[in-house]
Amino acid sequence: MSTTKYVFVTGGVTSSLGKGIISASLAKLLQARGYSVTIQKLDPYINVDPGTLNPYEHGECYVTEDGAETDLDLGHYERFINIPTSQANNVTTGRIYQTVINKERHGDYLGKTVQVIPHITDEIKRNIQLLGKKHNYDVVITEIGGTVGDIESLPYIEAVRQLKWELGLQNSLFIHLTLVPYLSASGELKTKPTQHSVKLMLENGIQPDVLVLRTEHPLNNDIKKKVALFCNVDIESVIQSIDVSTIYEVPLLMKEEKLDLTVLRKLNLPENEEPKLEKWKQFINNFKNPKKEITVGLIGKYVELPDSYKSIIESMVHAGSMNQCKVNIKSIHSERISNDTVAECLKGMQGIIVAPGFGQRGIEGKIIAVNYVRENNIPFLGICLGMQCAVIEYARNVLGLDDADSAEMSRTTKNPVIDLMEEQKGVTEKGGTMRLGAYPCKINKGSKVFEIYNKENIHERHRHRYEFNNIYLEKFEKSGMKSAGINPDTGLVEIMEIPEHRWFIGVQFHPEYKSTVVNPHPLFVNFVKEICKD
Ligand code: GLN
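Residues numbered from 1 in each chain as written. Predicted model: local features only at pLDDT ≥ 70, side-chain atom pairs only at ≥ 80, totals over all residues. Heavy atoms only, no water.

**Considerations on the packing of helix H5 (residues 116–135) against helix H6 (residues 154–167)**
A pair of packed helices is characterised by two quantities: the angle between their axes and the separation of those axes.
No. 1: Closest axis-to-axis distance for the H5/H6 pair is 9 Å, and the angle between their directions is 65°. Here H6 runs roughly perpendicular to H5, going by the angle between their axes. Judged by the sense of rotation from one axis to the other, the crossing of H5 with H6 is right-handed. Counting all contacts with H5, which are made through Val116, Ile117, Ile120, Thr121, Ile124, Lys125, Ile128 and Gln129, the residues of H6 involved are Pro155, Tyr156, Glu158, Ala159, Val160, Gln162, Leu163, Glu166 and Leu167.
No. 2: A breakdown of the residues in the contact of H5 with H6 according to their chemical character gives 11 nonpolar, 3 polar and 3 charged. (Axes fitted to C-alpha atoms, helices over the stretch in contact; angles between N-to-C directions. Helix = DSSP H or I, 4+ residues; strand = E, 2+ residues; numbered from the N terminus. Parallel < 35°, antiparallel > 145°, perpendicular 65-115°, else oblique. Left-handed = near helix turned anticlockwise from the far one by under 90°. Contact = heavy atoms within 4.5 Å. Nonpolar A, V, L, I, M, F, W, Y, C, P; charged D, E, K, R; others polar.)

Here it is, written out as structure tokens:
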């Protein structure tokens, strides 16, 4: 097929309705019918990417294979459709303006006044079409962040309004996601907010083709009819999205509601085969019928907001399902952990994950926690900063280097066991300057991680500046903490493990970015498997 079809997903009434999950679910269903699909997120904020955002602002920063720091919705996209995304899958207003301003400085606009319309909208349209053109996808689903009516989303709405006509009829489609609130006092579901939201869309020149209505209670036919009547759509285009216990059920729910068929019909695409979702159903079945239950502590400093560790939590869900085990994750604030409180804080935890992070705050609590799990033989997975904490702990308490630290935390330490590499030393800009994206790692054949991955050469994604300081490697290895994988090009240590310990692995990379429903990550799967032996 030569023409790429475009689906635009907007949201109304409130934020956080789950546009990302609906987009990913639709993508999953179309993919399962044999279409090549990708999903893109347009974010209306002015940061060039979310890399410089504190997790409290916007949740986790997700990193793609090509090293883009992106919105966490891209994590959902990959977990659902199991194909890598890239920088082109996430565009922010900041990036759009940066490109336009750079072009202006370069003189590309030939003396014209540079304006939101057409210059910003043209750049948005170019970015939307980039993916379809480059990879020839059958369908590109573009999610527009924010809520209709926000000042900052206006250029995006205008751009897709224009694009609809440029693409030609039946080559694009608008899905609008809204909320149907339930008033418990009168026992009623209310459609008025949806009607108003569609009116707002109409004011901006867009008639939604499909309405997906989030609801806590089933919508009867009368309600659907009413929405169809007031919002100028046929009744098949009013899709109910009722609350479910896991986001992974949403594709099955959308299939029941025939969202995929409605979309294909409107885009004039053949239905193809029935979606093949056996693996997916198996996953849900295992998830809903666990045979065991475990509790794992996740130690971090952004624990107030679970979205900060989204990919780690989802990876544990995948790993739990693989092991037919219910995994309870207990978030533990690293600042609460001290020598006096550690036993209490970690009580009942059958395994511990020490999360990634930046800066000094909370670091000592993490180091104390590592010490506790190492000495008590409790399974431990350290990710990025978590691995660095494990190295610091080992250096201080086993190698006897009392002042061992990361150069990130102490500039004066005589023992920077975690240090800045030469190429990072001159870097002053914060945005996009870390070691980012996929790098190769060669695993040592005799190691535990080799057993787990069952292969020698892996690629994992990175997001950090500091590295294990190889000057100390021999000392570590001699006393029992071993490098189990190195970057074959640079010699940088990527994995540390303690073979004597029951399960003690620290990874400099982020395995959580690569775990998907149909391909759960082996490290998480094995970690859960080990804990299940309890
Ligand atoms: N702050 C550490 C570094 O930059 C770890 C980063 C992380 O955990 N993602 O190296």
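**Things to note about the packing of helix H4 (residues 93–106) against H5**
No. 1: Taken N-terminus to C-terminus, the directions of H4 and H5 make an angle of 120°; their axes are 10 Å apart at the nearest point. In terms of orientation, H4 lies oblique with respect to H5. Two packed elements cross with a definite hand, and for H4 against H5 that hand is right-handed. Counting all contacts with H4, which are made through Ile96, Tyr97, Thr99, Val100 and Lys103, the residues of H5 involved are Val116, His119, Ile120, Glu123, Ile124, Arg126 and Asn127.
No. 2: Partitioned by chemical class, the residues of the contact of H4 with H5 number 6 nonpolar, 3 polar and 3 charged.

**Some thoughts on the pattern of salt bridges**
No. 1: Scanning the model with the defined rule gives 38 salt bridges in all.
No. 2: Measuring nitrogen to oxygen at the nearest pair gives 3.4 Å for the salt bridge that ties Lys224 to Glu257. Pair noted here: Lys224 is in helix H8 (residues 221–231) and Glu257 is in the loop between helix H9 (250–256) and helix H10 (259–266), with a separation of 33 residues, a long-range link.
No. 3: Across the salt bridge formed by Glu274 and Lys255, the nearest N and O atoms sit 3.3 Å from each other. You can see Glu274 sitting in the loop between H10 and helix H11 (278–288) and its partner Lys255 sitting in helix H9, a full 19 residues away along the chain.
No. 4: For Lys255, a relative accessible area of 25% translates into the label partly exposed.
No. 5: Three or more residues are tied together by salt bridges with common partners; here these are Lys41, Asp43, Asp71, Asp73 and Glu143. (Salt bridge = Lys/Arg side-chain N within 4 Å of Asp/Glu carboxyl O. Buried < 20%, exposed > 50% of the residue type's maximum accessible area, 1.4 Å probe, protein only.)

**A closer look at the site of the ligand**
No. 1: Neighbouring the ligand are Pro356, Gly357, Phe358, Cys384, Leu385, Gln388, Glu408, Arg463, His464, Arg465, Tyr466 and His510.
No. 2: One of the backbone N or O atoms of Arg463 is found 2.8 Å from a nitrogen atom in the ligand.
No. 3: Arg465 is positioned with one of its backbone polar atoms (N or O) 2.9 Å from an oxygen atom of the ligand.
No. 4: Coverage of the ligand by the protein chains reaches 99% of its 290 Å² of free accessible surface.
No. 5: Counted by class, the shell around the ligand contains 5 nonpolar, 4 polar and 3 charged residues. (Near = heavy atom within 4 Å. Polar contact = N/O pair within 3.5 Å; in protein donor to acceptor, adjacent residues only side chain to side chain. Areas by Shrake-Rupley, 256 points an atom, 1.4 Å probe, with all protein chains shown as cover.)

**What about the packing of aromatic side chains?**
For any pair of aromatic rings, geometry is given as the distance between the ring centres together with the angle between the planes.
No. 1: Under the definition given, this model contains 13 aromatic pairs.
No. 2: Ring geometry for Phe380 and Phe504: centres 4.5 Å apart, planes at 35°, overall tilted. Pair noted here: Phe380 is in strand E15 (residues 380–383) and Phe504 is in strand E23 (residues 504–507), with a separation of 124 residues, a long-range link.
No. 3: With a relative accessible area of 1%, Phe504 lands in the buried category.
No. 4: Taken together, the aromatic side chains of Phe80, Tyr248, Trp280 and Phe283 make up a single cluster linked through ring pairs.
No. 5: Just above the ring of Trp165 sits the side chain of Lys164; from NZ or CZ to the centre is 5.3 Å.
No. 6: It is Arg435 that lies over the ring of Tyr439; its NZ or CZ is 4.8 Å from the centre. (Phe/Tyr/Trp six-rings, centres within 6.5 Å; stacked < 30°, edge-to-face > 60°. Lys NZ or Arg CZ within 6 Å of the ring centre and 35° of its normal.)

**A short note on the side chain of Ser406**
No. 1: With respect to the helices and strands, the residue Ser406 is situated in strand E16 (residues 405–406).
No. 2: If we skip the residues at most four places from it in the chain, Ser406 touches Ile392, Ile418 and Tyr466.

**As for the sheet that holds E15**
No. 1: Sheet architecture is open: 9 strands sit in the order E13-E12-E14-E15-E23-E22-E21-E18-E19, paired in mixed fashion. Every other strand in the sheet has two partners, leaving strand E13 (325–333) and strand E19 (457–464) as the edge strands with one partner each. The sheet shows a mean angle of 30° between the axes of neighbouring strands, taken without regard to direction.
No. 2: Where E15 meets E23, 4 bridges bridge the pair, whose relative direction is parallel. By the bridge assignment for E23, Phe380 is matched with Phe504. (Pairing = 2+ DSSP bridges.)

**So, the pairing of strand E18 (residues 435–443)**
No. 1: Alignment of E18 against E19, held across 8 bridges, turns out to be antiparallel. Bridge pairing in E19 links Leu436 to Arg463.
No. 2: Across 2 bridges, the pairing between E18 and strand E21 (residues 482–486) is antiparallel. Bridging from a neighbouring strand, Lys442 pairs with Ile486 of E21.

**Observations concerning the environment of Leu253**
No. 1: Mapped onto the secondary structure, Leu253 falls in helix H9.
No. 2: We classify Leu253 as buried; its relative accessible area is 14%.
No. 3: Through-space distance from the C-alpha of Leu253 to that of Ile242 is 8.2 Å; in sequence the pair is 11 residues apart.
No. 4: If near-sequence neighbours (up to four positions away) are discounted, Leu253 is found in contact with Ile242 and Val244.

**Focus on a nonpolar patch on the surface**
No. 1: Taken together, the side chains of Tyr97, Ile101, Val116 and Ile117 define a hydrophobic patch exposed on the protein surface, amounting to about 330 Å² of accessible area.
No. 2: Here Tyr97 lies in helix H4.
No. 3: The class for Tyr97 is partly exposed, based on a relative accessible area of 33%. (Patch = residues over 30% accessible without salt bridge, like charges linked within 9 Å, V, L, I, M, F, W, Y side chains within 5 Å.)

**What about the nonpolar core?**
No. 1: Val7, Ile141, Ile175 and Leu259 are the most contacted members of the largest nonpolar core, which totals 46 residues.
No. 2: By residue number, the principal contributor to this core is helix H1 (residues 19–32), which donates 8 residues.
No. 3: Look past the residues within four positions of Val7 in its chain and what remains in contact with it is Leu26, Val139, Val140, Ile141, Thr142, Leu173, Ile175, Val263 and Leu267. (Core = buried A, V, L, I, M, F, W, Y, C linked by side-chain atoms within 4.5 Å.)

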